[in-house]
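Fold and geometry: a report
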Amino acid sequence: MAKSPPSFRCAECGATHAKWSGRCDACGAWNSIVEESPLSKVPGSGLGGAKGKLITLSALDTKEAPPKRAKAGMDELDRVLGGGLVPASAILVGGDPGIGKSTLLLQAAAAFARKGLKTLYISGEEAASQVRMRAARLGLTDAPVGLGAETSLRDILTTLEAERPDLVVIDSIQTMWSDRVESAPGSVSQLRAAAHELVSFAKRRGTAVILVGHVTKEGQIAGPRVIEHMVDTVLYFEGERGHQFRILRAVKNRFGPASEIGVFEMTGAGLAEVSNPSALFLSERGQPAPGSAVFAGIEGTRPVLTEIQALVAPSSLASPRRTVVGLDSGRISTILAVLESRCGIPFTGLDVFLNVAGGMKVIEPAADLAAAAALLSAREDTALPADMVIFGEISLSGALRPVGQAENRLKEAAKLGFSQAIAPTGTKADGTTGMSMRKLGDLVTFTGEMFGAG
Ligand code: TYD
Ligand code: MG
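The model shown is predicted, which means the values in this text are computed figures rather than measured ones.

Some thoughts on the overall build of the protein
- In terms of helices and strands, the protein carries eleven helices and 21 strands.
- Here the C-alpha coordinates of the protein stretch approximately 75 × 55 × 50 Å along the principal axes.
- Within the span of the protein, comprising 454 residues, buried residues form 49% of the whole.
- A separation of at least 24 residues holds for 66% of the contacts in the protein among residues at least 6 apart in sequence.
- With an accessible surface of roughly 21,500 Å², the protein has 53% of that area assigned to carbon and sulfur atoms.
- Distance from the positive charge centre (48 side chains) to the negative charge centre (47 side chains) of the protein: 5 Å.

Here is the structure:
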């Protein structure tokens, strides 16, 4: 049989290439393309020849008990998991180095162990003594967690087969290596092999497996497409350096709503849960100042209020700055364009800085109107009323589009002492929230009413 040609894969994005080159066409990363060992081929393969077993088919209405979930007792974590840990599930927890993944998962492992789950924590990055030191600092030494420091996948799987735990944490998947794959640890082939072995162990033995994955500079776990589709749940642990808040966000979950978030605070004694994130994100808000708008958002199943801050200043640059943190910069450019061409409010010659207070990331389009309000408030140097929340999507025509779960947004705002809201016409919220509502049809009306501009 002819030897199959070598194949090349980008270690950053997982794209395949016919030949080696210095730069990946798909993601633009330099020096990331590596040769892969091809999958072993059986001579004369092709599945036509020998017969396999008949698989069992069942009707769609077959009754099945919902998965029995184990709760850690850490509400923020349990909610992001979709209501607790599902047996035999594979979970990937990604995040920047140093963000607190090991801390979170050691705390989670201890919490599950205390609830009676047989739990193992395998560290491939730190020595057992280092993990013990951290556990002591976090006050977790009494939790019955089995601790191992190992990177050999074969030894780990042998141990898992012998121990049959309910939960195993692998920190991190990038340090694991399989002796069946020739490339170096951390390479896409190793990553794929390790994840595949561990995920199939999870499915075979009913063990829940949590894999820790580091994220590369571009915000993706090395070889992301390779692992993300193999696991049931993908969680990202994010936060700004210099901020205490950490957000655990479900980006994929076969057992619960995606985009659910859990909020934590990094303290001297590990991660503390934040059960009322709105209060936390708004706690630094002082007197009403120009450029500040409160957005009533929804994260997963929960309403979260955040403050959007804008600063607009004359620019000395030929192409003025557009610095956006915590919001989608593409959407902000669109909003600036709509303000200019539909409302006649240009930002030419002005530097624009926009961010979400507290290091929160807002991805909902419903934040459009609050972002526009912050921008206008900064540009006109006029503060918005301190007791006002805003939400709504802006379309390219300048019309305001209603968004979902208005009732929930308003309830949360009322709970936190806000008494007026601005929302698009057609917003369904005729409940008893006790808020004074202004419903507006387009951005021109909004700018006219709020700032007398446009
Ligand atoms: P770590 O969990 O090691 O991050 P990761 O596994 O994602 O790389 O967290 C490291 C950071 O967390 C480190 O900068 C110190 C900080 N930290 C605290 O502030 N308090 C604590 O109790 C612990 C354990 C860590
Ligand atoms: Mg770590």
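Some words on the side chain of serine 123
- Note on placement: serine 123 falls in strand β5 (residues 119-123).
- The exposure class assigned to serine 123 is buried, which follows from its relative accessible area of 1%.
- Once residues within four sequence positions are removed from consideration, serine 123 is found in contact with Val131, Gly148, Ala149, Glu150 and Asp171.

A look at the environment of leucine 350
- Structurally, the position occupied by leucine 350 is in strand β16 (residues 350-356).
- By relative accessible area, leucine 350 is classed as buried at 17%.
- Along the chain, leucine 350 and proline 314 lie 36 residues apart, while their C-alpha atoms are 4.5 Å from each other.
- In this structure leucine 350 touches Val312, Ala313, Pro314, Ser315, Pro320, Arg321, Arg322 and Arg379, once residues within four positions along its chain are discounted.

A look at the sheet that holds β16
- Taking strand neighbours across the sheet as the criterion, the seven strands line up as β15-β16-β14-β13-β17-β20-β21 in an open arrangement whose pairing is mixed. Of all strands in the sheet, those with a lone pairing partner are β15 (322-325) and β21 (436-440), marking the two edges. Going across the sheet, the axis of each strand differs from the next one's by a mean of 25°, ignoring polarity.
- By the bridge criterion, three bridges tie strand β17 (residues 388-390) to strand β20 (residues 420-424) in an arrangement that is parallel. Bridged to valine 389 within β20 is alanine 421.
- Here helix α10 (residues 406-415) sits on the sheet in contact with β13 (292-299), β14 (302-314), β17, β20 and β21, set at roughly 80° to β14.
- The sheet strands contacting helix α11 (residues 443-451) are β17, β20 and β21, and the helix crosses β21 at an angle near 135°.

Examining the sheet that holds strand β3 (residues 33-36)
- The antiparallel open sheet is built from three strands, whose spatial order is β2-β1-β3. With one partner strand each, in any of the chains shown, β2 (16-17) and β3 form the two edges of the open sheet.
- Inspection of the sheet shows strand β1 (residues 7-10) paired to β3 by four bridges, in the antiparallel sense. Residue pairing in the sheet places serine 7 in a bridge with glutamate 36 of β3.

A few points about the nonpolar core
- Counting residues in each nonpolar core, the largest one holds 65 residues, and the members touching the most others are Leu354 and Leu443.
- Per-element tally for this core: the top contributor is helix α9 (residues 368-380), with nine residues.
- The residues touching leucine 354, leaving out its near neighbours within four places in the chain, are Ile308, Gln309, Ala310, Thr323, Val324, Val325, Leu327, Ile332, Ala371, Ala374 and Leu375.
- The next biggest cluster of nonpolar side chains, apart from the first, holds 36 residues, and it includes Ala72, Leu77, Tyr121 and Phe237.

Focus on the packing of aromatic side chains
- Summed over all chains, the structure comprises three aromatic pairs.
- Taking the centre distance of 6.2 Å and the plane angle of 75° together, the rings of phenylalanine 237 and phenylalanine 264 count as edge-to-face. Placement of phenylalanine 237 in strand β9 (residues 233-238) and of phenylalanine 264 in strand β11 (residues 261-267) is noted, with a sequence separation of 27 residues between them. As far as burial versus exposure is concerned, phenylalanine 237 and phenylalanine 264 are alike and both buried.
- A ring pair is formed by phenylalanine 446 and phenylalanine 451, whose centres lie 6.5 Å apart and whose planes are at 75°; its orientation type is edge-to-face.
- The exposure class assigned to phenylalanine 446 is buried, which follows from its relative accessible area of 0%.

Quick look at unusual backbone geometry
- The omega torsion of the bond from aspartate 171 to serine 172 falls at 0°, within 30 degrees of zero and hence cis.
- Mapped onto the elements of the fold, serine 172 is located in the loop between β7 (167-171) and α5 (188-205).
- The backbone phi angle of arginine 164 is positive, close to 45°, even though this residue is not glycine.
- Secondary-structure assignment places arginine 164 in the loop between α4 (153-163) and β7.

Some details on the site of ligand 1
- Near ligand 1 lie 16 residues; those nearest to it are Gly98, Lys101, Ser102, Thr103 and Gly270.
- Note that an oxygen atom of ligand 1 is positioned 2.6 Å from one of the side-chain N or O atoms of threonine 103.
- In the model, an oxygen atom of ligand 1 is placed 3.0 Å from a nitrogen or oxygen of the arginine 134 side chain.
- Relative to its unbound accessible surface of 560 Å², ligand 1 loses 73% to contact with the protein.
- Of all the secondary-structure elements, those providing two or more residues to the shell around ligand 1 are α2 (101-114), α3 (128-137) and β11.
- The leading source of residues in the shell around ligand 1 is α2, at three residues.
- Classifying every residue of the shell around ligand 1 by side-chain character gives five nonpolar, seven polar and four charged.

Considerations on the side chain of glutamine 174
- Counting through the fold element by element, glutamine 174 comes out in the loop between β7 and α5.
- Judged by relative accessible area, which is 13%, glutamine 174 ranks as buried.

Definitions and cut-offs
- Residues numbered from 1 in each chain as written.
- Chains lettered and ligands numbered in written order.
- Predicted model: local features only at pLDDT ≥ 70, side-chain atom pairs only at ≥ 80, totals over all residues.
- Heavy atoms only, no water.
- Helix = DSSP H or I, 4+ residues; strand = E, 2+ residues; numbered from the N terminus.
- Buried < 20%, exposed > 50% of the residue type's maximum accessible area, 1.4 Å probe, protein only.
- Contact = heavy atoms within 4.5 Å.
- Areas by Shrake-Rupley, 256 points an atom, 1.4 Å probe, with all protein chains shown as cover.
- Lys, Arg positive; Asp, Glu negative; His and termini not counted.
- Charge placed at Lys NZ, Arg CZ, Asp CG, Glu CD.
- Pairing = 2+ DSSP bridges.
- Axes fitted to C-alpha atoms, helices over the stretch in contact; angles between N-to-C directions.
- Core = buried A, V, L, I, M, F, W, Y, C linked by side-chain atoms within 4.5 Å.
- Phe/Tyr/Trp six-rings, centres within 6.5 Å; stacked < 30°, edge-to-face > 60°.
- Near = heavy atom within 4 Å.
- Polar contact = N/O pair within 3.5 Å; in protein donor to acceptor, adjacent residues only side chain to side chain.
- Nonpolar A, V, L, I, M, F, W, Y, C, P; charged D, E, K, R; others polar.

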